[in-house]
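# Structure assessment
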Amino acid sequence: MEVKGKVHEVSATQQVTESLKKRELILEYIENPQYPEYLKFEAIQDRCNLLDNVKVGDDIEVFFNLRGRPWTDKTGKKSYFNSLQLWKINALSAAGSTSVPEYAAPADISSAPDDDDLPF
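So, how was this worked out
- Residues numbered from 1 in each chain as written.
- Predicted model: local features only at pLDDT ≥ 70, side-chain atom pairs only at ≥ 80, totals over all residues.
- Heavy atoms only, no water.
- Helix = DSSP H or I, 4+ residues; strand = E, 2+ residues; numbered from the N terminus.
- Buried < 20%, exposed > 50% of the residue type's maximum accessible area, 1.4 Å probe, protein only.
- Core = buried A, V, L, I, M, F, W, Y, C linked by side-chain atoms within 4.5 Å.
- Contact = heavy atoms within 4.5 Å.
- Lys, Arg positive; Asp, Glu negative; His and termini not counted.
- Salt bridge = Lys/Arg side-chain N within 4 Å of Asp/Glu carboxyl O.
- Polar contact = N/O pair within 3.5 Å; in protein donor to acceptor, adjacent residues only side chain to side chain.
- Phe/Tyr/Trp six-rings, centres within 6.5 Å; stacked < 30°, edge-to-face > 60°.
- Lys NZ or Arg CZ within 6 Å of the ring centre and 35° of its normal.

### Describing unusual backbone geometry
In this structure, Q45 is a non-glycine residue whose phi angle is positive, near 55°. The residue Q45 is located in the loop between β4 (37-44) and β5 (59-72) in this model. Relative accessible area serves as the criterion here: at 30%, Q45 is assigned to the partly exposed category.

In structure tokens form, the structure reads like this:
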């Protein structure tokens with residue numbers, strides 16, 4: 001699955017257990033501009049490095065897997081949890097960058113001679 005949005009927050013890498021590390025990314029997803037959504041993705045193990053060059057404000061495309069699992073508490077009540085585990089990021093534009101094209105300076109036609117021999 002994939003989604004495009006603007007980076008809202010990037011967490012530091014957390015060492016959850018001796019063998020597990022994770023990092024979180026909050027993405028502002030604007031399907032409806034009046035009500036933006038904030039989606040939390042997690043990167044685990046070597047995927048944490050994918051977030052090293054991501055900055056708040058960047059427009060990115062995130063590729064992820066949807067994961068779900070059950071959990072039973074001490075009283076026997078069963079709950080279900082979902083997670084969005086990212087595995088690839090494409091930068092669409094960096095924060096602060098502008099996509100204004102560069103053009104040549106306009107020509108000064110007022111200084112052109114009047115005696116040109118063009119037929120039109």
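### Examining the nonpolar core
Counting residues in hydrophobic clusters, the biggest one holds 14 residues, and the most contacted among them are L25, F41, L51, I60, V62 and L86. Of all elements in the fold, only β1 (2-10), β3 (21-29), β4, β5 and β6 (78-93) reach the threshold of two or more residues within this core.

### Some details on the environment of S93
Along the polypeptide, S93 turns up in strand β6. Distance from S93 to D58, taken between C-alpha atoms, is 5.8 Å for residues 35 residues apart in sequence. Excluding residues within four positions of it along the chain, S93 makes contact with D58 and D59.

### Describing the side chain of E28
Along the chain, E28 falls in strand β3. One buried charge, E28, has no salt-bridge partner; the nearest side chain with opposite charge is K6, at 6.4 Å. Within the structure, the side chain of E28 is placed 3.5 Å from the side chain of Y38, a separation counted as a polar contact. Once you skip the residues sitting within four places of it in the chain, E28 turns out to touch G5, K6, H8, P36, E37 and Y38.

### Brief notes about the packing of aromatic side chains
Counted under the stated rule, the structure contains three aromatic pairs. Centre to centre, the rings of F41 and F64 are 5.1 Å apart; their planes meet at 65°, and the pair counts as edge-to-face. Separated by 23 residues along the polypeptide, F41 in strand β4 and F64 in strand β5 bring together distant segments of the chain. When the ring of F63 is compared with that of W87, the centres are 5.7 Å apart and the planes differ by 50°; the resulting orientation is tilted. Of this pair, F63 sits in strand β5 while W87 sits in strand β6; the two residues are 24 residues apart in sequence, bridging distant segments of the chain. Of the residues examined, F63 reaches a relative accessible area of 14% and is grouped as buried. Among the residues examined, W87 registers a relative accessible area of 34% and is labelled partly exposed. Here the guanidinium or amino end of K88 rests over the ring plane of F63, the centre of that ring lying 5.1 Å away.

From the geometry alone we can't say anything about function, so treat these as descriptive.
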